[in-house]
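Residues per chain, in single letters:
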Amino acid sequence: MGKDVEVGGHEYGAKDYQDPPPAALFDAEELTKWSFYRAIIAEFIATLLFLYITVLTVIGYKSQTDPAHSPDQCGGVGILGIAWAFGGMIFVLVYCTAGISGGHINPAVTFGLFLARKVTLPRAFMYIVAQCLGAVCGCGLVKAFQKTYYNTYGGGANELADGYSKGTGLGAEIIGTFVLVYTVFSATDPKRNARDSHVPVLAPLPIGFAVFMVHLATIPITGTGINPARSFGAAVMYGKDKAWDDQWLFWVGPMIGAAVAAFYHQYVLRAGAVKALGSFRSNA
């Protein structure tokens, strides 16, 4: 394993890993490749499946604990089960699509990776469009199959819970998304993978577990967005005013959280700012 060593006051690293070069802002060549469009399709299908399974779980839980239909208020999967559904589906879908599209399944993740120059602007834009369309279609399938339950039990739409301020909801979304995107960067870091190559941990596992933990913490506050496509798709199909009034929280919060996570990982943990300063001084 390569280790950093200090010689004469300077730190040198014996690299046993290779950082990929930064992605160009725009790469016209990738638009001519089938792999580009295959990745977009993968993001669309993955987000569709994600919303279909998770929204069904939410609606199923609410119907099972509805006093009008069931006297057992402890029935259903509970908040723990809902959190497992979201985290488990992310684990499964990231595992399935990571080799094709990178397994983003979330505009905030895509935005963070774009800021870190891991993807080009056209790819980031098309991923976000595909994710939002997939979310709408996933919720549309749930509504088509269970329209009465869908409309009765809120359609899985994210809304700020009563008793919480907008600032609290925004903070929950920022911090929750920071946890997720920070985990994505850490789990896919080539330096960490090289250093811990003896540890057989799949990258999708900590990412799915991060989603699970954030849901446990923030379901009572916002229903847990941390994924603008998930919130957008549910709001489109549910269509009620409350879901749309709070929609900005589920875009602004996750995008801020993703940006902070990208900056923290790239410029603090990976010392991007120090490297850039050193390069500037050597050129001066």
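Residues numbered from 1 in each chain as written. Predicted model: local features only at pLDDT ≥ 70, side-chain atom pairs only at ≥ 80, totals over all residues. Heavy atoms only, no water.

Draft legend 1. Spatial organisation of the layout of surface pockets. Its boundaries defined by the atoms lining it, the largest pocket holds a volume of some 1,100 Å³. Breaking the lining of the largest pocket down by element, the ones donating at least two residues are α2 (78-97), α3 (107-115), α4 (121-145), α6 (166-187), α8 (204-222), α11 (249-269) and α12 (272-283). The biggest single contributor to the lining of the largest pocket is α8, with four residues. Residues of the lining of the largest pocket, tallied by class, amount to 26 nonpolar, 14 polar and 10 charged. (1 Å grid on protein atoms, 1.4 Å probe; cavity = no way out; pocket = protein on both sides within 12 Å on 5 of 7 lines; lining within 4 Å. Points joined across faces, edges and corners; volume = space filled by probe spheres on them. Helix = DSSP H or I, 4+ residues; strand = E, 2+ residues; numbered from the N terminus. Nonpolar A, V, L, I, M, F, W, Y, C, P; charged D, E, K, R; others polar.)

Draft legend 2. Region of interest: the confidence of the model for the protein chain. Per-residue confidence for the protein chain gives a mean pLDDT of 86, with 83% of residues at or over 70. Below pLDDT 50 for its whole length, residues 1-14 participates in 19 contacts with residues either more than four positions away or in separate chains. (pLDDT = per-residue confidence, 0-100. Contact = heavy atoms within 4.5 Å.)

Draft legend 3. Here's a closer look at the packing of aromatic side chains. All told, the structure shown has 13 aromatic pairs when counted by the stated rule. Ring centres of Phe36 and Tyr37 lie 5.0 Å apart, and the angle between their planes is 85 degrees; on these two criteria the pair is classed as edge-to-face. With a relative accessible area of 2%, Phe36 lands in the buried category. A centroid spacing of 6.0 Å and a plane angle of 45 degrees characterise the contact between Phe178 and Tyr264, whose relative ring orientation is tilted. With Phe178 in helix α6 and Tyr264 in helix α11, the pair connects residues that are 86 residues apart, well separated along the chain. Overall, Tyr264 belongs to the partly exposed group, its relative accessible area being 30%. (Phe/Tyr/Trp six-rings, centres within 6.5 Å; stacked < 30°, edge-to-face > 60°. Buried < 20%, exposed > 50% of the residue type's maximum accessible area, 1.4 Å probe, protein only.)

Draft legend 4. Region of the structure containing the pattern of salt bridges. Inspection of the entire model under this criterion finds four salt bridges. Between Arg123 and Glu30 there is a salt bridge, with the nearest N and O atoms lying 3.3 Å from each other. Of this pair, Arg123 sits in helix α4 while Glu30 sits in the loop between β2 (10-13) and α1 (34-64); the two residues are 93 residues apart in sequence, bridging distant segments of the chain. In terms of burial, Arg123 and Glu30 fall into one category: buried. A salt bridge links Lys242 to Asp246; its shortest N-O distance comes to 3.0 Å. Residue classification places Lys242 among the partly exposed residues on the basis of a relative accessible area of 33%. Using a relative accessible area of 0% as the deciding quantity, one classes Asp246 as buried. One salt-bridge network, held together by shared partners, links Lys166, Lys242 and Asp246. (Salt bridge = Lys/Arg side-chain N within 4 Å of Asp/Glu carboxyl O.)

Draft legend 5. Examining the nonpolar core more closely. Counting 42 residues, the largest nonpolar core has Phe50, Val55, Tyr150, Leu180 and Ile207 as the members making the most contacts within it. Listed by contribution, the elements that provide at least two residues to this core are α1, α2, α3, α4, α6, α8, α9 (228-238) and α11. (Core = buried A, V, L, I, M, F, W, Y, C linked by side-chain atoms within 4.5 Å.)

Draft legend 6. Structural detail: the packing of α1 against α4. α4 packs onto α1 with a crossing angle of 35 degrees between their chain directions and a minimal axis gap of 7 Å. Classified by chirality, the crossing of α4 by α1 is right-handed. Across the contact of α1 with α4, the residue classes tally to 21 nonpolar, four polar and two charged. (Axes fitted to C-alpha atoms, helices over the stretch in contact; angles between N-to-C directions. Left-handed = near helix turned anticlockwise from the far one by under 90°.)

Draft legend 7. Here's a closer look at α8. Maximum bend of α8: about 45 degrees, positioned at Leu216, with proline Pro220 one to four residues after it. Those residues of α8 lying buried are Pro204, Ile207, Gly208, Ala210, Val211, Phe212, Val214, His215, Thr218, Ile219, Ile221 and Thr222. Residues of α8 that are buried make contact with α2, α6 and α11. A positive phi of about 80 degrees marks Gly223, the residue just after α8. (Bend = angle between axes of the 7 residues up to and from the residue.)

Draft legend 8. Looking closely at the environment of His265. Residue placement: His265 occurs in helix α11. Under the relative-accessibility criterion, His265 is labelled buried at 4%. It is 9.7 Å that separates the C-alpha atoms of His265 and Thr183, two residues lying 82 residues apart in sequence. Contacts of His265, omitting those with residues within four sequence positions, involve Phe185, Ser186, Asp189 and Arg270. A distance of 3.1 Å separates a polar atom in the side chain of His265 from a polar atom in the side chain of Gln266. (Polar contact = N/O pair within 3.5 Å; in protein donor to acceptor, adjacent residues only side chain to side chain.)

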